[in-house]
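Chains, contacts and geometry: an overview
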Amino acid sequence: PDEKLWTYYYQGRIYQNRGDDESAMNSFMNGCDLKQLVTDSLLLAHTLVAQGTLYLKQYKINEFVRNNIEAARLYGAFGKEIKSYTNALDGYVMLNNQSAADSLLSICAPLVQKNSSGKTYLFSSLLSYTIKFSSPDDIKSFLDEYHNIELTSDDIPAYSPHSARVYTA
């Protein structure tokens, strides 16, 4: 089963890199069907996340959240669960589900306390959460508090002079 999972995972990634999302999803689904039999939990977590990204592209946010929470639980054995939890948090923000988002925040906060490198993953999710569920004053306070945080390249939008637009009132 582990070797089959490896095959399905890499097959899915090849399809995904080619832009063939349907074939990629089929490969990831076949791999996830083996989850009761495999012992390679790290690869299963990778497969769930890869499948989740395809769910997100299809606007299947509930499935995206479910996959990332399941992956986070598997990654937890390796201390690498924060990114999947923040993905799920982003999904709950998209779903306008503040109580579920609050539950994930209560999981993420202690993880960041134990490993401060997770703070960069949590920042963009916290920002989305704050914008969605907080008042303008709370948003300003949040931005004031975090104005010095170092962002990853994923958090910084790429600037292209060709894509810049000027909006006037």
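What counts, and where the lines are drawn
Residues numbered from 1 in each chain as written. Predicted model: local features only at pLDDT ≥ 70, side-chain atom pairs only at ≥ 80, totals over all residues. Heavy atoms only, no water. Helix = DSSP H or I, 4+ residues; strand = E, 2+ residues; numbered from the N terminus. Buried < 20%, exposed > 50% of the residue type's maximum accessible area, 1.4 Å probe, protein only. Contact = heavy atoms within 4.5 Å. Areas by Shrake-Rupley, 256 points an atom, 1.4 Å probe, with all protein chains shown as cover. pLDDT = per-residue confidence, 0-100. Salt bridge = Lys/Arg side-chain N within 4 Å of Asp/Glu carboxyl O.

1. What to know about the overall build of the chain
Of regular secondary structure, the chain possesses eight helices and zero strands. Seen in sequence order, the chain has helices and strands lined up from the N terminus as α-α-α-α-α-α-α-α. A buried classification covers 36% of the 169 residues belonging to the chain. Counted over contacts in the chain with a minimum sequence separation of 6, partners at least 24 positions apart contribute 53%. When the accessible surface of the chain is split by element, carbon and sulfur atoms take 51% of a total near 10,600 Å².

2. A word on the confidence of the model for the chain
Predicted coordinates in regions of low pLDDT should not be interpreted in detail. With 88% of its residues at a pLDDT of 70 or more, the chain has an overall mean of 88. Every residue in residues 157–169 is under pLDDT 50, and counting partners more than four places away or in other chains gives one contact.

3. Focus: the pattern of salt bridges
Applying the stated criterion across every chain yields a total of three salt bridges. Between Lys-140 and Asp-144 there is a salt bridge; the shortest N-O distance is 2.9 Å. Of this pair, Lys-140 and Asp-144 both sit in helix α8 (residues 136–145), four residues apart, which is roughly one turn of the helix. When its relative accessible area of 44% is taken as the criterion, Asp-144 is described as partly exposed.

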